[in-house]
Amino acid sequence: MNFSFKRFFICMGIQAPIALGASFARGLAVANSAKAVLMSLCDGFFLSGALMLFAAGLAWTFGEGVGDGLSYSVQRFFTRRGSGYEENRRESYADYKERKHAKKPHVLEMLLSAVPFLLVAALLLLLYSRIG
């Protein structure tokens with residue numbers, strides 16, 4: 001499995017605005033104490049890390065073929081409704097699976113980009129719990 005720093009930093013760039021937005025949604029702008037600031041930052045970093053882990057899990061499971069039958073049947077349903085169905089290329093399920101699995105999704109970068117956000121969230125949680 002190849003590790004790409006470009007994909008890693010793209011995933012980090014996706015997570016950063018999510019963390020910032022979630023922190024502001026939890027009240028970072030109107031926080032009046034250090035405890036409230038730590039709580040909102042912890043929530044933001046945890047949410048972005050957890051979402052990236054969830055997305056990596058979904059990408060991995062679909063890359064392993066969990067959704068092949070469903071996606072094939074939905075594709076077949078909608079191509080039957082189109083004009084010129086008989087002229088279109090009708091693909092067998094085996095050919096469809098082979099075409100879909102020719103290129104595996106890159107999950108390693110997604111997993112590794114979630115780790116720093118979850119570590120920062122854990123650190124902020126520890127700091128939050130220390131403040132009385």
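Residues numbered from 1 in each chain as written. Predicted model: local features only at pLDDT ≥ 70, side-chain atom pairs only at ≥ 80, totals over all residues. Heavy atoms only, no water.

(A) Fine view of the nonpolar core. With 6 residues, the main nonpolar core is built from C11, M52, A56, V107, M110 and A114. Sorting the residues of this core by element identifies α2 (34-63) and α5 (108-130) as the ones contributing at least two each. (Core = buried A, V, L, I, M, F, W, Y, C linked by side-chain atoms within 4.5 Å. Buried < 20%, exposed > 50% of the residue type's maximum accessible area, 1.4 Å probe, protein only. Helix = DSSP H or I, 4+ residues; strand = E, 2+ residues; numbered from the N terminus.)

(B) Representation of the packing of helix α1 (residues 5-25) against α5 within the structure. Put simply, α1 and α5 touch, their axes get as near as 9 Å, and they point 45 degrees apart. The pairing of α1 with α5 is recorded here as oblique in orientation. For α1 against α5, the interelement crossing comes out right-handed. Contacts between α1 and α5 involve R7, F8, C11, M12, Q15, A16 and A19 from the former and E109, M110, L112, S113, A114, P116 and F117 from the latter. Here the residues of the contact of α1 with α5 sort into 10 nonpolar, 2 polar and 2 charged. (Axes fitted to C-alpha atoms, helices over the stretch in contact; angles between N-to-C directions. Parallel < 35°, antiparallel > 145°, perpendicular 65-115°, else oblique. Left-handed = near helix turned anticlockwise from the far one by under 90°. Contact = heavy atoms within 4.5 Å. Nonpolar A, V, L, I, M, F, W, Y, C, P; charged D, E, K, R; others polar.)

(C) Structural context of the packing of α1 against α2. It is at 8 Å that the axes of α1 and α2 come closest, and there the two elements cross at 140 degrees. By crossing handedness, the relation of α1 to α2 is classed as right-handed. Counting all contacts with α1, which are made through C11, I14, Q15, I18, A19, A22 and S23, the residues of α2 involved are S40, L41, G44, F45, L47, S48, G49, L51 and M52. Partitioned by chemical class, the residues of the contact of α1 with α2 number 10 nonpolar, 6 polar and no charged.

(D) How the structure looks around the pattern of salt bridges. What the rule picks out here adds up to 2 salt bridges. For R7, the salt bridge is made with E109, and the minimal N-O distance between the two is 3.3 Å. Here R7 is found in helix α1, whereas its partner E109 is found in helix α5, with 102 residues between them in sequence. Since its relative accessible area comes to 1%, E109 is described here as buried. A salt bridge links R26 to D43; the shortest N-O distance between them is 2.7 Å. Remark: D43 occurs in helix α2 and R26 occurs in the loop between α1 and α2; sequence separation between them is 17 residues. Of the residues examined, R26 reaches a relative accessible area of 46% and is grouped as partly exposed. (Salt bridge = Lys/Arg side-chain N within 4 Å of Asp/Glu carboxyl O.)

(E) Focus on α1. With 21 residues, α1 should cover 30 Å at 1.5 Å per step; its first-to-last C-alpha distance of 30 Å lies within 8% of that length. Every buried residue belonging to α1 is among F8, C11, Q15, A19, A22 and S23, and all of these are buried. All buried residues of α1 fall inside an arc of 100 degrees around its axis, so they share one side. Exposed positions of α1 whose direction lies more than 90 degrees from the buried face are K6, F9 and P17. Residues of α1 that are buried in the fold lie against α2 and α5. (Expected span 1.5 Å × (residues − 1). Arc of directions from axis to C-beta.)

(F) Molecular detail of α5. Under the 1.5 Å per step criterion, the end-to-end length of α5 is 34 Å for 23 residues, consistent within 8% with the ideal 33 Å. For α5, the set of buried residues is E109, M110, S113, A114, F117, A121 and L124. Those residues of α5 that are buried are in contact with α1 and α2.

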